[in-house]
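Notes for the structure review
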There are 2 protein chains.
Amino acid sequence: MSQASAGGVPSLEVREAILGRRSIRRFLDRPLREEDTLALLEAGRWAPSGLNNQPWRVILVEDRSKAAEIAECTRYSSIVEKAPLLIAVFLDHSSSYDRDKDVMSVGAFIQNILLAAHDRGLGAVWLGEILREKDRVRELLEAPPEFELMAVVAVGHPAEEPARRERKALDDLIYRRY
Amino acid sequence: MSQASAGGVPSLEVREAILGRRSIRRFLDRPLREEDTLALLEAGRWAPSGLNNQPWRVILVEDRSKAAEIAECTRYSSIVEKAPLLIAVFLDHSSSYDRDKDVMSVGAFIQNILLAAHDRGLGAVWLGEILREKDRVRELLEAPPEFELMAVVAVGHPAEEPARRERKALDDLIYRRY
């Protein structure tokens, strides 16, 4: 279903990308191309936010020794150690206006990144358990106190093809209709 | 850039959809097809969530008198009154395990819906200001107390082509690199 886009790089269809995306936790030992890294953030950048406040900020980690330090903050250390790119996603409280709305927009930002990764043939996983150590991660990454860690997205070239995880039926999701 | 997909319905490329999506606030006076409504929720359904808990629930409003009641809960009443479909998005506290992670996953759910709407030639806008009256909306929609309103997404056939809103430069979004 992919085809050459204007830039010459094939792109998936939206539907296929949304339904076909999986969490990828094992990566090849191969660095990301700079253009891929920037394309993920470019996708994130166009997420919607309340009053267009864009409260998200990222710190990128490709350095192996820094990744190893971050890996000590989570139970999923093997993913973090081996991912060629970590995107630490923060809510910048100096740009925040409503916590729920801002946190939701960070979720939209991350989803765009995950879709863009899948679209480019990369794999990614959204890590949340690391938030137990969010202050320590912030310090290791030398982020200012107004940055609150929301997630770490680990990205790389996929070394696995996991099965699709189940979802609730549409009927369980739609509570009522008027 | 669109092409016929397996189902015969053209679909946009991911990149094009993410970058080309706009908030649409004016709609044609034309109802949504049931298959479009369900396709939006199908896209939402595949959003990621922590522990795959899928804490989102929706109530759909197409009935005009119910839409008029909801419209009284927001400053943006003309959008709500005229949208052929309202998707009231709730966080179900009985499925929740961590508020921040759940609220982020609701953001990912909404983003999938917005992308799917754009992909199908529909327009949508994510309404947040209505959360000031979230309890009243919940009561009007006869949702249980464990449902907390997170957003109302108004959907329809676009009657406007708004310009792209600006975004921060990538350099302002990337705080640091290791």
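Residue numbers restart at each chain and count upward from 1, following the sequence in its written direction. Throughout, the order in which chains and ligands are written sets their labels, letters from A for the former and numbers from 1 for the latter. In keeping with the model being predicted, local features are shown solely for residues with a pLDDT of at least 70 and side-chain atom pairs are shown and tallied solely at 80 or more, while totals for entire chains, interfaces and linings include all residues. Note: side-chain values were computed over all heavy atoms of the structure, leaving out hydrogens and water.

1. Concerning the sheet that holds strand β6 (residues 147–156) of chain A
- Pairing between two strands requires that DSSP report at least two bridges joining them. Helical segments are the DSSP runs of H or I of at least four residues, strand segments are the runs of E of at least two, and each set is numbered from the N terminus. Strand order in the open sheet formed by five strands is β5(A)-β6(A)-β4(A)-β3(A)-β7(B), and the pairing between neighbours is mixed. Of all strands in the sheet, those with a lone pairing partner are β5 (123–127) of chain A together with β7 (174–177) of chain B, marking the two edges. Direction aside, neighbouring strands of the sheet carry axes that sit 20° apart on average.
- In the sheet, strand β3 (residues 56–61) of chain A pairs with β7(B) via three bridges, with the strands oriented parallel. To obtain an axis, a line is fitted to C-alpha atoms, over the contacting stretch when the element is a helix, and the angle between two such axes runs from 0 to 180 degrees between their N-to-C directions.

2. What about the interface of chain A and chain B?
- Contacts between the two partners involve 84 residues from chain A and, on the opposite side, 84 residues from chain B.
- What counts as a salt bridge is simple: a side-chain nitrogen of Lys or Arg found within 4 Å of a carboxyl oxygen of Asp or Glu. In this structure, the connection of chain A to chain B is made through eight salt bridges.
- A salt bridge links B:Arg177 to A:Glu62, with the nearest nitrogen and oxygen atoms 3.1 Å apart.
- Any pair of N or O atoms that falls within 3.5 Å is considered a polar contact. Within protein, one atom must be able to donate a hydrogen and the other to accept it, and sequence-neighbouring residues count only if both atoms are side-chain atoms. Between chain A and chain B we count 52 residue pairs in polar contact (both at pLDDT 80 or more) in total.
- Ranked by the residues each element gives to the side of chain A that touches chain B, the list is headed by helix α5 (residues 99–119) of chain A, at 16 residues.
- Throughout, the ten residues Ala, Val, Leu, Ile, Met, Phe, Trp, Tyr, Cys and Pro are labelled nonpolar, Asp, Glu, Lys and Arg are labelled charged, and all others, Gly among them, are labelled polar. Considered class by class, the residues forming the side of chain A that touches chain B number 44 nonpolar, 13 polar and 27 charged. Contacts are residue-level and defined by heavy atoms, with any inter-residue pair within 4.5 Å sufficient.

3. Details of the packing of aromatic side chains
- Centres within 6.5 Å make a pair out of two Phe, Tyr or Trp rings, where for Trp the six-membered ring is used; the pair is then stacked when the planes are under 30 degrees apart, edge-to-face when over 60, and tilted otherwise. In total, this model carries six aromatic pairs over all chains according to the counting rule given.
- Relative to A:Phe109, the ring of A:Trp56 lies with its centre 5.0 Å away and its plane at 15°, an arrangement referred to as stacked. Note that A:Trp56 is positioned in strand β3 and A:Phe109 in helix α5, a separation of 53 residues in sequence.
- Between buried and exposed lies partly exposed: a residue is buried under 20% and exposed over 50% of the maximum accessible area for its type, with that area taken using a 1.4 Å probe on protein chains only. The exposure class of A:Trp56 is buried, given its relative accessible area of 1%.
- Aromatic ring contacts, followed pair by pair, group A:Phe90, A:Phe147 and B:Tyr175 into a single cluster.
- The rule for a charge over a ring is simple: NZ of Lys or CZ of Arg within 6 Å of the ring centre, and within 35 degrees of the ring normal. Lying across the ring of B:Trp46, A:Arg164 places its NZ or CZ 4.0 Å from the centre.

4. Looking at the pattern of salt bridges
- With the rule as written, the count across this model stands at 36 salt bridges over all chains.
- Between A:Arg15 and B:Asp119 there is a salt bridge whose closest N-O contact spans 3.4 Å. Of this pair, A:Arg15 sits in helix α1 (residues 14–20) while B:Asp119 sits in helix α5 (residues 99–119), on two different chains.
- Here A:Arg15 falls in the partly exposed class, since its relative accessible area comes to 24%.
- Accessibility expressed as a relative area gives 8% for B:Asp119, which makes it buried.
- Through salt bridges with shared partners, a single ionic network connects A:Arg33, A:Glu35, A:Asp36 and A:Arg120.

5. Brief notes about the pairing of strand β4 (residues 85–92) of chain A
Residues and elements named next belong to chain A.
- Among the eight residues in β4, eight count as buried, and that is most of the element.
- Summarising the sheet, β3 and β4 pair through six bridges and their orientation is antiparallel. Note on β4: the bridge partner recorded for tryptophan 56 is leucine 91.
- Here β4 pairs with β6 via eight bridges, running antiparallel. Among the inter-strand pairings, leucine 86 is bridged to a residue of β6, identified as alanine 154.

6. Concerning the packing of helix α2 (residues 34–45) of chain A against α5(A)
Residue and element names in this part refer to chain A.
- At a minimum axis separation of 7 Å, α2 and α5 run at an interaxial angle of 140°. When the axes of α2 and α5 are compared, the pair comes out oblique. Between α2 and α5 lies a crossing of right-handed hand. Residues Ala39, Leu40, Leu41, Ala43, Gly44 and Arg45 of α2 form the contact with α5, whose own contacting residues are Phe109, Asn112, Ile113, Ala116 and Ala117.
- Of the residues in the contact of α2 with α5, the class split is eight nonpolar, two polar and one charged. Just so you know how the angles are binned, under 35 degrees is roughly parallel, over 145 roughly antiparallel, 65 to 115 roughly perpendicular, and the rest oblique. Crossing chirality is assigned from the near helix's rotation relative to the far helix, an anticlockwise turn below a right angle marking it left-handed and a clockwise turn marking it right-handed.

7. Considering unusual backbone geometry
All names here are of chain A.
- Backbone geometry at leucine 51 places phi at a positive 55°, although glycine is not the residue there.
- If you trace the backbone, leucine 51 turns up in the loop between α2 and β3.
- Of note in this structure, glutamate 142 is not a glycine but carries a positive phi near 55°.
- With respect to the element layout, glutamate 142 can be found in the loop between α6 (134–140) and β6.

8. Remarks on the nonpolar core
- Throughout this description, the term nonpolar core refers to a set of buried Ala, Val, Leu, Ile, Met, Phe, Trp, Tyr and Cys residues connected via side-chain atoms within 4.5 Å. Counting 76 residues, the largest nonpolar core has A:Ile87, A:Ile110, B:Ile87 and B:Ile110 as its most contacted members.
- Look past the residues within four positions of A:Ile87 in its chain and what remains in contact with it is A:Leu40, A:Leu41, A:Val58, A:Ile59, A:Leu60, A:Ile113, A:Ala151, A:Val152, A:Val153 and A:Val155.

9. Notes on helix α3 (residues 64–71) of chain B
All names here are of chain B.
- The set of residues buried in α3 consists of Lys66, Ala67, Ile70 and Ala71. The arc that holds every buried residue of α3, seen down its axis, measures 145°, which confines them to one face.
- Looking at the buried positions of α3, the neighbouring elements they touch are β3 (56–61), α4 (77–82), β4 (85–92) and α6 (134–140). Throughout, the arc means the angular range of directions from the helix axis out to the C-beta atoms.

10. With respect to helix α2 (residues 34–45) of chain B
- Here α2(B) is twelve residues long and its end C-alpha atoms lie 17 Å apart, about the 16 Å a rise of 1.5 Å per residue gives.
- All of the buried residues along α2(B) are B:Asp36, B:Thr37, B:Ala39, B:Leu40, B:Leu41, B:Ala43, B:Gly44 and B:Arg45. How far a helix is expected to stretch is found by multiplying one less than its residue total by 1.5 Å.

11. Concerning the sheet that holds strand β5 (residues 123–127) of chain B
- Taken together, the five strands give an open sheet; going across it, the order is β7(A)-β3(B)-β4(B)-β6(B)-β5(B), and neighbouring strands pair in mixed fashion. Single-partner strands in this sheet number two, and they are β7 (174–177) of chain A together with β5 of chain B. Averaged over all pairs of adjacent strands, the angle between their axes in this sheet comes to 20°, without regard to strand direction.
- With five bridges connecting them, β5(B) and strand β6 (residues 147–156) of chain B associate as antiparallel partners. Residue B:Leu127 lies in a different strand from β6(B), and its bridge partner there is B:Val152.
- Contacting β3, β4, β5 and β6 of chain B, α5(B) crosses the sheet at an angle of about 160° to β4(B).

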